[in-house]
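Residue-level listing of the chains:
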Amino acid sequence: MPNESEDTSLSKEPNEIDAFSGGYKRSGERRPALVFLRGELLAVPIPLERNEVTLGRALDADVRINDARASRLHARITTECDEATGEARYSLTDLDSTNGTILNGRPVTRAFLADGDKFEIGEQLIRFEMLDEIDREFQRQIHRLLVHDDLTGLLTGKSFFSELRREAARAEAESMPFCVLLRAGDVGARFGGEEFAAFLLDADYAQGLVAAERVRSSIEKHEFSAVRRGSSEEPRIHRITISIGVASFPDDARDPIQLVEMADSALYQAKRSGRNRVCPYRLNAVTGDPMARLRSRQE
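For the structure given in this document, a descriptive report is provided here.

So, how was this worked out
- Residues numbered from 1 in each chain as written.
- Predicted model: local features only at pLDDT ≥ 70, side-chain atom pairs only at ≥ 80, totals over all residues.
- Heavy atoms only, no water.
- Helix = DSSP H or I, 4+ residues; strand = E, 2+ residues; numbered from the N terminus.
- Buried < 20%, exposed > 50% of the residue type's maximum accessible area, 1.4 Å probe, protein only.
- Contact = heavy atoms within 4.5 Å.
- Areas by Shrake-Rupley, 256 points an atom, 1.4 Å probe, with all protein chains shown as cover.
- Pairing = 2+ DSSP bridges.
- Expected span 1.5 Å × (residues − 1).
- Lys, Arg positive; Asp, Glu negative; His and termini not counted.
- Salt bridge = Lys/Arg side-chain N within 4 Å of Asp/Glu carboxyl O.
- Polar contact = N/O pair within 3.5 Å; in protein donor to acceptor, adjacent residues only side chain to side chain.
- Phe/Tyr/Trp six-rings, centres within 6.5 Å; stacked < 30°, edge-to-face > 60°.
- Core = buried A, V, L, I, M, F, W, Y, C linked by side-chain atoms within 4.5 Å.
- Axes fitted to C-alpha atoms, helices over the stretch in contact; angles between N-to-C directions.

**Concerning the overall build of the protein**
Consideration 1: Assigned secondary structure in the protein consists of five helices and 21 strands.
Consideration 2: By the burial criterion, 38% of the 299 residues in the protein qualify as buried.
Consideration 3: Taking the contacts inside the protein whose residues are at least 6 apart along the sequence as the reference set, 49% of them involve residues at least 24 apart.
Consideration 4: For the protein, the computed accessible surface area is about 18,000 Å², with 47% contributed by carbon and sulfur atoms.

Quick look at the structure:
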């Protein structure tokens, strides 16, 4: 029989946990976060690091939700101190939204959140969670897998359109131009196979065409080396060319989907015209030398 003073249990310190390797310990500190279970921000973990966090469609919302059924400032999450326990607690308040805030299936005006609670804003389903660092890193990894292409590390097509819609709304509100083109840019995505798309923020037609031409020219000049796997042969040098189509917001369209379709149409026009070239959606969009225009704007 073991001595009563001997601890033969397998319990751990309350703030520590062992990994399966037996050699890793981490703090059990848990922090509040929102994890999107549905909608454009699927699997995105958003830490609640402020005492007040607003959610809605407005550009100045802390968590911007691109959803037609969400109000501009739809709801607010507030961190409060429980006077009885001294611990933090978190309340969800509806900000007189048009379609209401639904918590665990019921509309609420104000309610306190518990770990695992789910609430709806428009079409978005969001879970309130208390996450430790390993949980947060896991959520970040899941998000990367969902939004990034495995081969290139660029955004997936779906994520690209989410970003494009977000930036189109910002450009509309701030009266800023931007361009959509295939094959390179500020925010790029792989649509599968050998087709890519990108949008350039705060860029007009001339700037978009200059950027596209730089990419086209650089790729045309680049020497790509390739060798068969396991072969002792010397690498062979390959050269490739690309065609790029460009469409501009708001000159061509204001709708993000339509802009991409226009850039795609311009791409096929470039291919029909002989390939290895840049083509704007509107052939008369830029008069004169775009490079000269760009230099004059920068002087």
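**Describing the sheet that holds strand β7 (residues 75-81)**
Consideration 1: Across the sheet, which stays open at both edges, the five strands sit in the order β6-β5-β7-β8-β11 with mixed pairing between neighbours. Bordering the open sheet on either side are β6 (63-64) and β11 (110-113), each of which pairs with just one other strand.
Consideration 2: The sheet contact formed by strand β5 (residues 52-56) and β7 spans four bridges and is antiparallel. Paired with valine 53 across the two strands is isoleucine 77, which belongs to β7.

**Considerations on helix α3 (residues 205-221)**
Consideration 1: With 17 residues, α3 should reach 24 Å at 1.5 Å per residue; the first-to-last C-alpha distance of 24 Å fits that figure.
Consideration 2: For α3, every residue scored as buried is listed here: Tyr205, Ala206, Gly208, Leu209, Val210, Ala212, Arg216 and Ser217.

**Some thoughts on the environment of glutamate 87**
Consideration 1: Tracing the sequence through the fold places glutamate 87 in the loop between β7 and β8 (88-94).
Consideration 2: We classify glutamate 87 as exposed; its relative accessible area is 55%.

**Notes on the environment of alanine 75**
Consideration 1: Of note, alanine 75 is situated in strand β7.
Consideration 2: Sequence separation between alanine 75 and aspartate 94 is 19 residues, and the spatial gap between their C-alpha atoms is 4.4 Å.
Consideration 3: When near neighbours in sequence (up to four residues on either side) are disregarded, alanine 75 contacts Val53, Thr54, Leu55, Leu92, Thr93, Asp94, Leu95, Thr101 and Ile121.

**A word on unusual backbone geometry**
Consideration 1: Following phenylalanine 249, the chain continues to proline 250 via a peptide bond in cis, the omega torsion being 5°.
Consideration 2: Turning to its location among the elements, proline 250 is positioned in the loop between β20 (244-249) and α4 (256-272).
Consideration 3: At asparagine 276, a position not held by glycine, the phi torsion is positive, near 55°.
Consideration 4: Within the secondary structure layout, asparagine 276 lies in the loop between α4 and β21 (278-280).

**A word on the side chain of aspartate 117**
Consideration 1: Structurally, aspartate 117 can be placed in the loop between β11 and β12 (118-121).
Consideration 2: For the buried aspartate 117, no salt bridge exists, and the shortest N-O distance to an oppositely charged side chain is 7.5 Å, to lysine 118.
Consideration 3: Polar contacts involving the side chain of aspartate 117 include one to the side chain of asparagine 104, which spans 3.0 Å.
Consideration 4: At 2.8 Å, the side chain of aspartate 117 forms a polar contact with the backbone nitrogen of alanine 114.
Consideration 5: Apart from residues lying up to four places away in sequence, aspartate 117 is in contact with Leu103, Asn104, Phe112, Ile126, Arg127 and Phe128.

**Overview of the packing of aromatic side chains**
Consideration 1: Taken as a whole, this structure holds one aromatic pair when the rule is applied.
Consideration 2: With 5.4 Å between their ring centres and 50° between their planes, tyrosine 90 and phenylalanine 128 make a pair best called tilted. Pair noted here: tyrosine 90 is in strand β8 and phenylalanine 128 is in strand β13 (residues 124-131), with a separation of 38 residues, a long-range link. Here tyrosine 90 and phenylalanine 128 have matching classes, each one buried.

**What to know about the pattern of salt bridges**
Consideration 1: Under the defined criterion, the tally for this structure stands at 10 salt bridges.
Consideration 2: For the salt bridge of arginine 30 with aspartate 115, the shortest nitrogen-to-oxygen distance reads 2.7 Å. With a gap of 85 residues between them, arginine 30 in the loop between β2 (25-27) and β3 (31-38) and aspartate 115 in the loop between β11 and β12 connect regions that are remote in the sequence.
Consideration 3: Note that glutamate 220 is salt-bridged to arginine 216, the shortest N-O span being 3.1 Å. You can see glutamate 220 and its partner arginine 216 sitting in helix α3, four residues apart, about one turn around the helix.

**Quick word on the nonpolar core**
Consideration 1: Ranked by size, the top nonpolar core spans 24 residues in total, and within it Leu34, Leu55, Ile77, Leu92, Phe119, Ile121 and Ile126 carry the most contacts.
Consideration 2: Those elements giving two or more residues to this core turn out to be β3, β5, β7, β8, β11, β12 and β13.
Consideration 3: Ranked by residues supplied to this core, first place goes to β13 with three residues.
Consideration 4: Among residues more than four places away in sequence, those in contact with leucine 92 are Ala75, Arg76, Ile77, Thr101, Leu103, Val108, Thr109, Arg110, Ala111, Leu113 and Phe119.
Consideration 5: In this structure, Ala247, Phe249, Ala263 and Leu267 belong to the second largest nonpolar core, which totals 19 residues.

**Remarks on the sheet that holds strand β9 (residues 101-103)**
Consideration 1: On the basis of which strands lie adjacent, the open sheet formed by six strands has the order β4-β3-β13-β12-β9-β10 and antiparallel pairing. Only two strands of the sheet have a single neighbouring strand rather than two, namely β4 (45-47) and β10 (106-108). Looking at each pair of strands side by side, their axes are set apart by 35° on average, direction ignored.

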